[in-house]
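Remarks on the overall topology
Read off the chains here:
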Amino acid sequence: MSFNLSVLAVRERAITLFFILLAFIGGVWAFLSLGRAEDPSFTIRAMIVSVYWPGATAEEMQAQLADRLEKRIQEVRNIHKIDSQIRPGAANLTIEFKDYTPSAMVPDLFYQIRKRMQEEATSMPAGVIGPVVNDTFSDVYFSLLSLSAPGLPFRDLSRQAESLRDELSMVPGVLKAVIIADRPERIYIDFDQNKLAALGVSQTEVQQQLSAASRLLPAGQIETKGPGLQLRVDARTDSFTELQQLSLRVGGKLVKLSDVALVHRGYEEPARLLARTGGDAAVLVGVVMQPGENGLVLGKALQQKLQDIQAQLPLGIELHQLTNQAEAISKAVDLFEIKFLVAVLVVMAVSVLAIGLRAGLVVGIAIPLTLGITFLLMKMVDINLDRITLGALIISLGLLVDDAIIAIEMMMVKMEQGIDRVRAASYAWSATAAPMLFGTLVTIAGFVPIGFAKSGVGEYTGNIFWVVGFALIVSWVVAVTFTPYLGVKLLPDVKAHAHDPYQTPFYRKLRGLVQWCINRKKTVIGIVVLAFVLAVLGMAKGVQKQFFPSSDRPEVLVSIYLPHGTAISNTDAVALKVEQLLKGNDDVRSLSSFVGAGAPRFFISANPEQPDPSFAKILIVAKDADARDRLISLLHQHIDAGEFSAARVRVTRLLFGPPVPWPVSFRVIGKDPLELRRIAYQVQDVMTANPNTVGAHLEWEERMPVLRLKLNPDQLLAYGLTAADVAQQLQFQFSGATVSQLREDIRSVDVVARLARPQALQPDSIELKTPQGKAVSIRQLGELVIDYEEPLLKRYNRQTYLAVVADVKGAQPNDVSNKIWAELADIQAKLPAGYRITQAGSVEESGKANASIQKLMPLMVALMLIFIMLQMRSFTGMWMVLATAPLGLIGATLGLMLFRQPFGFVALLGLIGLAGILMRNTLILTQQVTDNLNDGWAPRDAVVEATIHRARPVLLTALAAMLAFIPLTLDTFWGPLAFVLIGGVGVGTVLTLLFVPALYMVFFRKRLAKIPTV
């Protein structure tokens, strides 16, 4: 007797029951102990290199620094792009590596960049600071905390932030805590120009005396017969009070510093980054979670620690939690678990109603057993419960129910034919195991491109392959082992029927319909082919395209753009105006502003904007999704009313998937900024004409005014001055020069000497000192003129570019971008040599993701062909099964169009799954035909009756799957996929029962003709 696993499972009942109990208990344990996360973690293959050269123009930064650094960076392998933002005095280079770069290789690539930057630092021009490498750009802050103290000095917040950081760093599960938006302290010495002139003291003398007063220097060591004695000089100026009382030597006399200058505390001017919470100045502390930690566990530990810290805070200091990943995880996972439970109950209910209480109970037990073992496997390979894996489990649920229904239905039919229950149970292995297994493998093979795609998107969604694979393989094992055992135990005794169970009115009508389709097989095939062509056209023309959907999180992001070169104080004023608009709004849970740069990365897909004094970001956390939508509507009303006419104010939501700063974007690449502007204006006109674009504009457009002092060389020589002397004295008088440092507890505070502010704002009255101590008006040295220069230059892989960007309304970004791209053909045809236009935005990112999947499509097809051939064992059968794979597009297009859903990356996953479902159904049906032919059936009857015998499990599986996917339709992320599967499974059921028999008669006509008709 040949091996039969189902018989073995029934015969060894104690062992089978033991494993059932073990699977159930282990599954419950694994489910409760699995890690929870909102989204799967994936490696952000990017880093930042910054370099500073005070006083340099953007063009000088580009030629002298950015270009040479970019050349060195390009030496490192796997570089995808270098996106440089160059401003006067500063350049920030964002380096992004190829998506296929293995995560384990990224740290070494970061090291290679850092090593080359250290080598370049030794040969930078004088005065250059850096390059500075930031390889923590990809850090995602698990929680952002703010400290504010209305009415108290900001320096008190800084000290408290240090303490908070130290406390949070010791919480188990925390990788690090980082202080954000702390304003560096300064002690300013504002000199009165008139008093300095009266005393005849020079800037250089002041700097030397102030530096010497507080400089920390060794004073030597005395060797004795005992210990070595260190000499300490205690005459240093080490405190703010001592500095105020410091005396200067002027012409042999001592003058109190406070007599000629105002000594006061302050902060870095101009500020590089300002942060506010609820309208009050704040300093933030960001918490980064250890890789692999359970977010919910860390969230509880943080909350307990924060409660302890709150109780110990000094009076007047407030601590607020701005973002909390644990809440997002809990909400997302809990909601999905509810949807998952509903789907499980729906599938079980359908089974009970369709095949009876006891048979339905067998299916109902098989499902949680399958899921339990799946949870155990997920636990073993460290796969968490998150948005992706929970969605994959619901997808699996609609597929795995088929195995249990096929096995139990086969057993019931055999019992109705008079076969005893133990023998009937054996048919789960002998009759259905092979086609079910190969059908399962074909379905799993459909997800191979997702599981092994070498891209950020592939890494993000890759666990779909593993979870679906685990669930379907386990489902097959359960169907051929546990299900026969449970059937023997639970199915009622069935008397052999004298009549054929497939002769009920329902089956007779279905049989007639199948025969009609076979009689008109060419017509049926023609109708299906026509429907497929229409579906392709509908998908291409009638279904909107997207990359990833918007997030359902409650955050609202307000981006404020002022003309490049705008002072940070002016940007701050606009941000304050927006904050005032939302003050006291009941829909706002928390509001924080970041002026001078973007918000820290609190969400994996939210890239922080680079430092820019003309930019501000406001992060609003609404109370719920409805409140978020009301806030967005309110902001748009005020923006449309022109209340922020001085700035471009943009209101957005978070997006799933890789970061895309602007949904529609085109890069104009070339050398000359003026020519780039000319071409970009033409692109802007085309974009503006599109009714679905909003706010089309150039990323950098206007030139920045500068006050240029054109020195007269002869006059300089006459007064004994150099250009460097003039620049140093002007720096001292306007911005100030760091002359010393005070050491206060754990901080060092720069002492900055400068001209009194009212005098510094009057350039015409500035006087410089000659080496002889004489005062010279600035007008005697040259001419002050207003000039204009580039406030910003951008480079993409060492080529200057100007991006034209826009938001989208009433359509999907990819559709709008592709339409505009077609309309740009005339402009591109007339471009000067060396200039070109490329697509960016959503189209570029989705292209990268789709390309990574398409590379693996040949492997997917090869695996499918292997599994189909192993089952069908004929080329004709293989091609027939493969021919049904793309037909899922018919139902998918219908579902998307009826419910007005976009087709994007997530919907593509559903379409891939559909192909596997259709081929699986075809495989099992053709195996049934083969069995009928081997039993001596006439060819036509063999095809018709095989379809009738498969009708109940196909219909039950389809109904259960479609109902199981309904909860997913309400999910922002999985909605399009759910509609694809619902429409595809519904149409696929019809194709299996009506189209496949007709197709079989055509493909196998020669083989069937050789079989004698009985």
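For the structure given in this document, a descriptive report is provided here. (Residues numbered from 1 in each chain as written. Predicted model: local features only at pLDDT ≥ 70, side-chain atom pairs only at ≥ 80, totals over all residues. Heavy atoms only, no water.)

**Details of the overall build of the protein**
Across its full length, the protein carries 37 helices and 30 strands. Projected onto its principal axes, the C-alpha positions of the protein cover 130 × 75 × 55 Å. Across the 1014 residues that make up the protein, the buried fraction comes to 56%. At a minimum sequence separation of 6, the contacts of the protein that also span at least 24 residues come to 80%. Total accessible area computed for the protein in this model is approximately 43600 Å², and 58% of it derives from carbon and sulfur atoms. Taken as two groups, the 97 positive and 90 negative side-chain charges of the protein have centres that lie 8 Å from each other. (Helix = DSSP H or I, 4+ residues; strand = E, 2+ residues; numbered from the N terminus. Buried < 20%, exposed > 50% of the residue type's maximum accessible area, 1.4 Å probe, protein only. Contact = heavy atoms within 4.5 Å. Areas by Shrake-Rupley, 256 points an atom, 1.4 Å probe, with all protein chains shown as cover. Lys, Arg positive; Asp, Glu negative; His and termini not counted. Charge placed at Lys NZ, Arg CZ, Asp CG, Glu CD.)

**Brief notes about the packing of helix H33 (residues 888-898) against helix H34 (residues 905-934)**
Between two packed helices, both the angle of their axes relative to each other and the distance between the axes serve to describe the pair. Remark: H33 packs on H34, axes separated minimally by 9 Å, with the N-to-C direction vectors making an angle of 135°. Viewed along their axes, H33 and H34 adopt a mutual orientation that is oblique. In terms of crossing hand, the pair formed by H33 and H34 is right-handed. Mapping the contact onto sequence places Gly888, Leu889 and Ala892 in H33 and Leu911, Leu914 and Leu918 in H34. Here the contact of H33 with H34 is composed, by residue class, of 5 nonpolar, 1 polar and no charged. (Axes fitted to C-alpha atoms, helices over the stretch in contact; angles between N-to-C directions. Parallel < 35°, antiparallel > 145°, perpendicular 65-115°, else oblique. Left-handed = near helix turned anticlockwise from the far one by under 90°. Nonpolar A, V, L, I, M, F, W, Y, C, P; charged D, E, K, R; others polar.)

**Considering helix H5 (residues 154-169)**
End to end, H5 covers 23 Å across 16 residues, agreeing with the expected 22 Å (1.5 Å per residue, within 8%). Inspection of H5 places Phe154, Leu157, Ser158, Gln160, Ala161, Glu162, Leu164 and Leu168 among the buried residues, and these make up the whole buried set. (Expected span 1.5 Å × (residues − 1).)

**Details of the pattern of salt bridges**
The full count for this structure, using the stated rule, is 41 salt bridges. The closest approach of N and O atoms between Arg678 and Glu675, which form a salt bridge, is 2.5 Å. In this pair, Arg678 and Glu675 both sit in helix H24 (residues 673-689), 3 residues apart, roughly one turn of the helix. Relative accessible area serves as the criterion here: at 18%, Glu675 is assigned to the buried category. A salt bridge links Arg708 to Asp787, with the nearest nitrogen and oxygen atoms 2.9 Å apart. Of the two residues, Arg708 sits in strand S22 (residues 704-711) while Asp787 sits in strand S27 (residues 782-789), which places them 79 residues apart along the sequence. You can call Arg708 partly exposed: its relative accessible area is 31%. When salt bridges that share partners are traced, they join Arg68, Arg72, Glu75, Arg116, Glu119 and Glu120 into one network. (Salt bridge = Lys/Arg side-chain N within 4 Å of Asp/Glu carboxyl O.)

**Looking at the pairing of strand S5 (residues 141-148)**
When you tally the buried positions in S5, you get 8 out of 8 residues, the bulk of the element. With 7 bridges joining them, S5 and strand S14 (residues 280-289) adopt antiparallel strand pairing. Residue pairing across strands places Ser143 opposite Val287, the latter belonging to S14. As paired elements, S5 and strand S15 (residues 318-324) share 6 bridges and run antiparallel to each other. The residue bridging Leu145 from the neighbouring strand is Gln321, located in S15. (Pairing = 2+ DSSP bridges.)

**Quick look at unusual backbone geometry**
Along the chain, Gly130 connects to Pro131 via a cis peptide bond; the corresponding omega equals 5°. Of note, Asp382 is a non-glycine position whose phi angle comes to about 60°, a positive value. Residue placement: Asp382 occurs in the loop between helix H12 (357-380) and helix H13 (387-416). Despite not being glycine, Arg798 shows a phi value in the positive range, around 75°. Here Arg798 lies in the loop between strand S28 (793-796) and strand S29 (799-808). A relative accessible area of 29% places Arg798 in the partly exposed class.

**Points about the nonpolar core**
Within the largest apolar cluster, 202 residues are counted, with the highest numbers of intra-cluster contacts made by Leu168 and Trp974. Examining the composition of this core, we find that 18 residues originate from one element, H13, more than from any other. Once residues within four sequence positions are removed from consideration, Leu168 is found in contact with Leu145, Val174, Ala177, Val285, Val287, Leu302, Lys305, Leu306 and Ile309. Ala58, Val664, Ala696 and Tyr835 belong to the second-largest nonpolar core, a separate cluster that totals 51 residues. (Core = buried A, V, L, I, M, F, W, Y, C linked by side-chain atoms within 4.5 Å.)

**A short note on the side chain of His697**
As for its placement among the helices and strands, His697 is situated in strand S21 (residues 693-698). One polar contact links the side chain of His697 to the main-chain carbonyl oxygen of Gly695, over a distance of 2.7 Å. Contacts of His697, omitting those with residues within four sequence positions, involve Arg648, Trp662, Gln684, Ala803, Val804 and Val805. (Polar contact = N/O pair within 3.5 Å; in protein donor to acceptor, adjacent residues only side chain to side chain.)

**A word on helix H19 (residues 482-490)**
Because each turn of an α-helix spans 3.6 residues, side chains separated by three or four positions in sequence point in the same direction. Among the 9 residues that make up H19, 7 are buried, leaving the element largely enclosed by the rest of the structure. For H19, the set of buried residues is Phe482, Thr483, Pro484, Tyr485, Leu486, Gly487 and Val488.

**A few points about the sheet that holds strand S7 (residues 185-191)**
Backbone-to-backbone hydrogen bonds pair the strands of a sheet. The strands run either parallel or antiparallel. If you walk across this open sheet you meet the 4 strands as S12-S7-S24-S23, and the pairing is mixed. Whereas interior strands pair on both sides, the edge strands pair on one side only; in this sheet they are strand S12 (261-267) and strand S23 (737-744). Ignoring strand direction, the axes of neighbouring strands in this sheet form an average angle of 25°. With 6 bridges joining them, S7 and strand S24 (residues 747-755) adopt parallel strand pairing. Bridge pairing links Phe191 to Leu755 in S24. Strands S7, S23 and S24 of the sheet are contacted by helix H26 (residues 723-734), whose axis makes an angle of about 105° with S24.

**As for the packing of helix H22 (residues 568-582) against helix H23 (residues 625-640)**
It is the contact of H22 with H23, at a shortest axis distance of 11 Å, that shows an interaxial angle of 125°. Accordingly, the angle class assigned to the pair H22 and H23 is oblique. Seen from above, H22 lies across H23 with right-handed handedness. Together, Val578, Leu581 and Leu582 of H22 and Leu631, Leu634, Leu635 and His638 of H23 make up the contact between the two elements. In the contact of H22 with H23, the residues fall into 6 nonpolar, 1 polar and no charged.

**A look at the pairing of S23**
Two strands pair when backbone bridges link them, and S23 and S24 are joined in this way by 7 bridges, in the antiparallel orientation. Its bridge partner being in S24, Ser740 is matched across the sheet by Val751. The hairpin turn running from S23 into S24, its antiparallel successor, is 2 residues long, and Asp745 in that turn takes a positive phi close to 45°.

**Quick notes on the packing of aromatic side chains**
In this structure the tally under the stated criterion is 16 aromatic pairs. Ring geometry for Phe465 and Trp466: centres 4.8 Å apart, planes at 80°, overall edge-to-face. Judged by its relative accessible area of 10%, Phe465 is buried. Within the aromatic cluster, the residues linked to one another by ring pairs are Phe452, Phe465, Trp466 and Phe470. When the ring centre of Tyr796 is taken as origin, the NZ or CZ atom of Arg667, which lies over that ring, is 3.9 Å away. (Phe/Tyr/Trp six-rings, centres within 6.5 Å; stacked < 30°, edge-to-face > 60°. Lys NZ or Arg CZ within 6 Å of the ring centre and 35° of its normal.)

**Looking at the environment of Asp612**
Relative to the helices and strands, Asp612 resides in the loop between strand S17 (588-595) and strand S18 (615-622). Owing to a relative accessible area of 7%, Asp612 belongs among the buried residues under this scheme. Spatially, the C-alpha atoms of Asp612 and Lys577 are 19 Å apart, while their sequence positions differ by 35 residues. Excluding residues within four positions of it along the chain, Asp612 makes contact with Arg87, His564, Gly596 and Ala597. At a separation of 2.7 Å, a polar atom in the side chain of Asp612 contacts the side chain of Ser614.

**Describing the environment of Val996**
Within the secondary structure layout, Val996 lies in helix H36 (residues 975-1003). Residues Val996 and Ala883, 113 residues apart in the sequence, show an inter-C-alpha distance of 10.0 Å. In contact with Val996, other than residues within four places in its own chain, are Thr884, Thr922, Leu925 and Leu991.

**Details of the side chain of Arg601**
Structurally, Arg601 is set in the loop between S17 and S18. The side chain of Arg601 sits in the buried core without any salt bridge; Asp139 is the nearest counter-charge, 7.7 Å away. Only 2.7 Å separates the side chain of Arg601 from the side chain of Asn607, close enough to count as a polar contact. When residues no more than four places from it in sequence are discounted, the contact partners of Arg601 are Ile44, Phe137, Ser138, Asp139, Val140, Tyr141, Ala606, Asn607 and Pro608.

**Section: the environment of Ser396**
Mapped onto the secondary structure, Ser396 falls in helix H13. Judged by its relative accessible area of 0%, Ser396 falls in the buried class. Contacts of Ser396, omitting those with residues within four sequence positions, involve Val467, Val468, Ala471 and Leu472. Polar contacts involving the side chain of Ser396 include one to the main-chain carbonyl oxygen of Ala392, which spans 2.7 Å.

Keep in mind these numbers describe shape, not what the thing actually does.
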